[in-house]
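What follows is each chain in one-letter form.
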Amino acid sequence: MDARDLLIDEHGRMHAAGVTGDKGTLAERTFGGLSDDQMRARPREDLNSLAWLMWHIARAEDIFANVILSARDQVLDDGWLARLKTPRRDFGIGMTKPEVADLTARVDVAALREYRDAVGRRTQEVIRGFGPPDCFGAKGELVAKAFTGRPRIGILGALLVTHSAMHMGEAQTVRTAGGFGSGI
């Protein structure tokens, strides 16, 4: 297994079975088996909803993998704004509590699950298209410059895997606080 294959495998663990076919991923354990109401719940005001967390993870990956890394359109641009029922094109950094509550209430959870799967499939396609280990996409040099001194595979792992995993840890807190079980 080379670095690219490892990244594909690890990235797949951050997604639902709709991306990899694996029903035992961290994403399945985190977001699977929950109703729309559970996905929208904010057990405490200082916690994000599971729907918001899924939206944030998907948006960050869509922007990074497509716009920044590959210099291509986002998956979002394929008609997803209307399907998601939210006009937001950002990925939620700096949102206020009322903005989090608004997105949580308005987002179409089924469409959000489909969007996240579409982002994951596109990212897998992007990674598979990488050339030699030093050539990660159309804007690989820009990314390498932004993270000077770090190996590119580590940068990609951090942005495409670790970011998701950290927020899924946060989502486990929401599941527990909401009484929704651990997902295991």
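Our subject is the structure listed above.
Residues numbered from 1 in each chain as written. Predicted model: local features only at pLDDT ≥ 70, side-chain atom pairs only at ≥ 80, totals over all residues. Heavy atoms only, no water.

Caption draft 1: Quick look at the environment of Gly183. With respect to the secondary-structure elements, Gly183 resides in the segment after α10 (152-178). By relative accessible area, which is 30% here, Gly183 ends up partly exposed. Sequence separation of Gly183 and Leu34 is 149 residues, and the distance between their C-alpha atoms is 9.0 Å. Ignoring any residue separated from it by four or fewer positions in sequence, one finds Gly183 in contact with Arg29 and Arg175. (Helix = DSSP H or I, 4+ residues; strand = E, 2+ residues; numbered from the N terminus. Buried < 20%, exposed > 50% of the residue type's maximum accessible area, 1.4 Å probe, protein only. Contact = heavy atoms within 4.5 Å.)

Caption draft 2: Inspection of the packing of aromatic side chains at higher detail. Enumeration over the complete set of coordinates arrives at two aromatic pairs. An angle of 50 degrees between the planes, with centres 6.1 Å apart, marks the rings of Trp52 and Trp55 as tilted. Separated by three residues within a single helix, Trp52 and Trp55 lie in helix α5 (residues 50-69), roughly one turn from each other. (Phe/Tyr/Trp six-rings, centres within 6.5 Å; stacked < 30°, edge-to-face > 60°.)

Caption draft 3: Representation of the pattern of salt bridges within the structure. Overall, the coordinates contain 14 salt bridges when judged by the stated rule. The closest approach of N and O atoms between Glu10 and Arg13, which form a salt bridge, is 3.4 Å. For the salt bridge of Arg83 with Glu114, the shortest nitrogen-to-oxygen distance reads 2.2 Å. Within this pair, whereas Arg83 is found in helix α6 (residues 80-84), its partner Glu114 is found in helix α8 (residues 109-128), the two being separated by 31 residues in sequence. In this structure, a network of salt bridges that share partners links the residues Asp9, Glu10 and Arg13. (Salt bridge = Lys/Arg side-chain N within 4 Å of Asp/Glu carboxyl O.)

Caption draft 4: Broad picture of the side chain of Asp62. Examined against the element boundaries, Asp62 turns out to sit in helix α5. Here Asp62 is in contact with Val67, Gln74, Val75, Leu76, Tyr115 and Val119, once residues within four sequence places are set aside.

Caption draft 5: Expanded view of the packing of helix α1 (residues 3-12) against α8. Between α1 and α8, the least distance of the axes is 10 Å, while the angle of their chain directions is 175 degrees. The orientation of α1 relative to α8 falls into the category roughly antiparallel. Contacts between α1 and α8 involve Arg4, Leu7, Ile8, His11 and Gly12 from the first element and Gly120, Thr123, Gln124, Ile127 and Arg128 from the second. Classifying every residue of the contact of α1 with α8 gives three nonpolar, five polar and two charged. (Axes fitted to C-alpha atoms, helices over the stretch in contact; angles between N-to-C directions. Parallel < 35°, antiparallel > 145°, perpendicular 65-115°, else oblique. Nonpolar A, V, L, I, M, F, W, Y, C, P; charged D, E, K, R; others polar.)

Caption draft 6: Expanded view of the side chain of Thr25. With respect to the helices, strands and loops of the structure, Thr25 is situated in the loop between α2 (17-20) and α3 (26-31). Under the relative-accessibility criterion, Thr25 is labelled buried at 3%. Those residues within four positions of Thr25 in sequence are excluded, and the remaining contacts are Gly12, Arg13, His15, Ala16 and Thr20.

Caption draft 7: Focus on α1. Along α1, the positions that sit buried rather than exposed are Leu7, Ile8, His11 and Gly12. For α1, the angular spread of buried residues about the axis comes to 130 degrees, placing them on one side. (Arc of directions from axis to C-beta.)

Caption draft 8: Highlighting the nonpolar core. Core analysis: the largest hydrophobic core is formed by 43 residues, its most contacted members being Phe31, Met39, Leu50, Leu84, Leu112 and Tyr115. Of all elements in the fold, only α1, α3, α5, α6, α7 (97-106), α8 and α10 reach the threshold of two or more residues within this core. In terms of residue count, the dominant contributor to this core is α5 (eleven residues). The residues touching Met39, leaving out its near neighbours within four places in the chain, are Phe31, Leu34, Ser49, Leu50, Ala51, Met54, Val109 and Arg113. (Core = buried A, V, L, I, M, F, W, Y, C linked by side-chain atoms within 4.5 Å.)

Function cannot be read off these values alone, since they describe shape.
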